[in-house]
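Letter by letter, the chains look like this.
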Amino acid sequence: MINKIILGLYRTLPRKIRNGIGQSRLLKPVRDLFLRSHGRYRETKVLVKRDYLGYIINFYFFASLKVASKAAKSGIENTILRNSINLVKRLKTKENNAVVLDVGANFGYLSLVWANSIAQNGKVIAFEPNLNVHNSFNKSIIVNKQESNIQLNNLAVGNKDGSIELFLSSTTSNTLRTDKKDNNSTRIEMVSIDSFSSRNNIDRCDLVKIDVDGIELDILMGAIHLIERCKPIFIVETNDDKRIIDFFNPYDYQILDMKLNPFQSGDQLPPNIFCIPKTN
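Bear in mind the structure is a predicted one, so any value in this text is a computation, not a measurement.

S.K.: Please provide a residue-by-residue account of the overall build of the protein chain, values included.
M.R.: Secondary structure assignment for the protein chain yields 11 helices and 15 strands. Among the 280 residues that make up the protein chain, the fraction classed as buried is 50%. Put simply, the protein chain shows about 14200 Å² of open surface, and 49% of that area lies on carbon and sulfur atoms.

Listed below in structure tokens is the structure:
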């Protein structure tokens, strides 16, 4: 009940006031009252109802107050979702049986939308290394009875198997050290997409989304066999790393921008790119 009350109050605040609270050191106690509970983010459940290209999406979503509020009000990464649904239906399958890898799933909004649309008869395999965020996502899976088509893994993904130090903030994590004072760290198992696919007999993949704050290229280098076998569509956060464009050149992929127009050499790198296998 208290979370519903705080969510209602949070939604009534104008954006400028919310931003001011978020940036002010003096207002940190107010910020913590709204956004934190028991030393971590304040987890909130909301009902998401949206239409993505004709798919009527309806699910409960557990996340931090800020993320949950945005999800319920306007959705998350709507352009990425619409573009991915469009591309999968046009290039891969119209049977809603897609196999999707969601690397850096966070609270799982995109995974949940895919599981209710292009993968409702297929599989979403999601990876989220931050244990608190993973656990919130897992609550969404359970309450929406999606255990059969969302497989959630508390693993980091990289270019090889092993263990890695993970730097944690409230709702995100990173394998690259940051200078934020509130970061703490833990060690976590890391896998490559290729080794995970081999061990789990993944012989088909239609879509891969990679959003991991800076090591996207490493993850791609650990997915070469999957690329050669399955030729999946990729959605990759670029973090202004032009090497990602070069990576796809030997594998006969076309790079599209956020409007699904061909990316031209010399163009400003968009925040996310859509990489599709060329058709003969």
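S.K.: Report on the nonpolar core, specifying residues and quantitative values.
M.R.: Counting 43 residues, the largest nonpolar core has F61, Y109, W114 and I118 as the members making the most contacts within it. A per-element tally of this core places helix α6 (residues 109–115) first, with six residues. By size, the runner-up hydrophobic cluster in this structure holds 35 residues, among which are V103, I244, I245 and C275.

S.K.: Give a detailed account of unusual backbone geometry, specifying residues and quantitative values.
M.R.: Only a minority of non-glycine residues have a phi that is not negative, and only a minority of peptide bonds are not trans. Despite not being glycine, E77 shows a phi value in the positive range, around 50°. Tracing the sequence through the fold places E77 in the loop between α4 (65–74) and α5 (78–91). The partly exposed category is assigned to E77, whose relative accessible area is 37%. With a phi close to 60°, D252 is a non-glycine residue in the positive phi region. Mapped onto the secondary structure, D252 falls in the loop between α11 (243–248) and β14 (253–256). Owing to a relative accessible area of 38%, D252 belongs among the partly exposed residues under this scheme.

S.K.: Describe the sheet that holds strand β5 (residues 99–103), and please don't skip the residues or the numbers.
M.R.: In spatial order, the strands read β7-β6-β5-β12-β13-β15-β14; together these seven strands make up an open sheet with mixed pairing. What marks the edges here is a single partner per strand, and that holds for β7 (150–153) and β14. Along the sheet, successive strands turn relative to each other by an average axial angle of 15°, direction set aside. The pairing of β14 with strand β15 (residues 272–277) spans four bridges and is antiparallel. Opposite L256, over in β15, you have F274 as the bridge partner. α5 contacts β12 (207–210), β13 (233–237), β14 and β15 of the sheet and is inclined by roughly 0° relative to β15. Contacting β6 (123–127) and β7, helix α7 (residues 131–143) crosses the sheet at an angle of about 165° to β7.

S.K.: Any details on α5? Residues and values, ideally.
M.R.: Since one α-helical turn is 3.6 residues long, residues separated by three or four positions face the same way. Taking 1.5 Å of rise per residue, 14 residues should cover 20 Å, and α5 covers 20 Å from first to last C-alpha, within 8% of that figure. Restricting attention to buried positions, one finds in α5 the residues N78, I80, L81, N83, S84, I85, L87 and V88.

S.K.: I'd like a rundown of α7, residues and numbers included.
M.R.: In a regular helix each residue adds 1.5 Å, so 13 residues correspond to 18 Å; α7 covers 18 Å between its end C-alpha atoms and thus fits that length. Taken as a whole, α7 has its buried residues at V133, H134, S136, F137, S140 and I141. One face of α7 carries all of its buried residues, which in axial projection span an arc of 165°. Tucked inside the fold, the buried residues of α7 contact β2 (40–41), β3 (43–52), β4 (55–64), α6, β6 and β7. Two or three places before N132, at the opening of α7, N130 has a side-chain oxygen 3.1 Å from that residue's backbone nitrogen. At the C-terminal side of α7, K145 shows a positive phi close to 55°.

Rules of the game
Residues numbered from 1 in each chain as written. Predicted model: local features only at pLDDT ≥ 70, side-chain atom pairs only at ≥ 80, totals over all residues. Heavy atoms only, no water. Helix = DSSP H or I, 4+ residues; strand = E, 2+ residues; numbered from the N terminus. Buried < 20%, exposed > 50% of the residue type's maximum accessible area, 1.4 Å probe, protein only. Areas by Shrake-Rupley, 256 points an atom, 1.4 Å probe, with all protein chains shown as cover. Core = buried A, V, L, I, M, F, W, Y, C linked by side-chain atoms within 4.5 Å. Pairing = 2+ DSSP bridges. Axes fitted to C-alpha atoms, helices over the stretch in contact; angles between N-to-C directions. Contact = heavy atoms within 4.5 Å. Expected span 1.5 Å × (residues − 1). Arc of directions from axis to C-beta. Polar contact = N/O pair within 3.5 Å; in protein donor to acceptor, adjacent residues only side chain to side chain.

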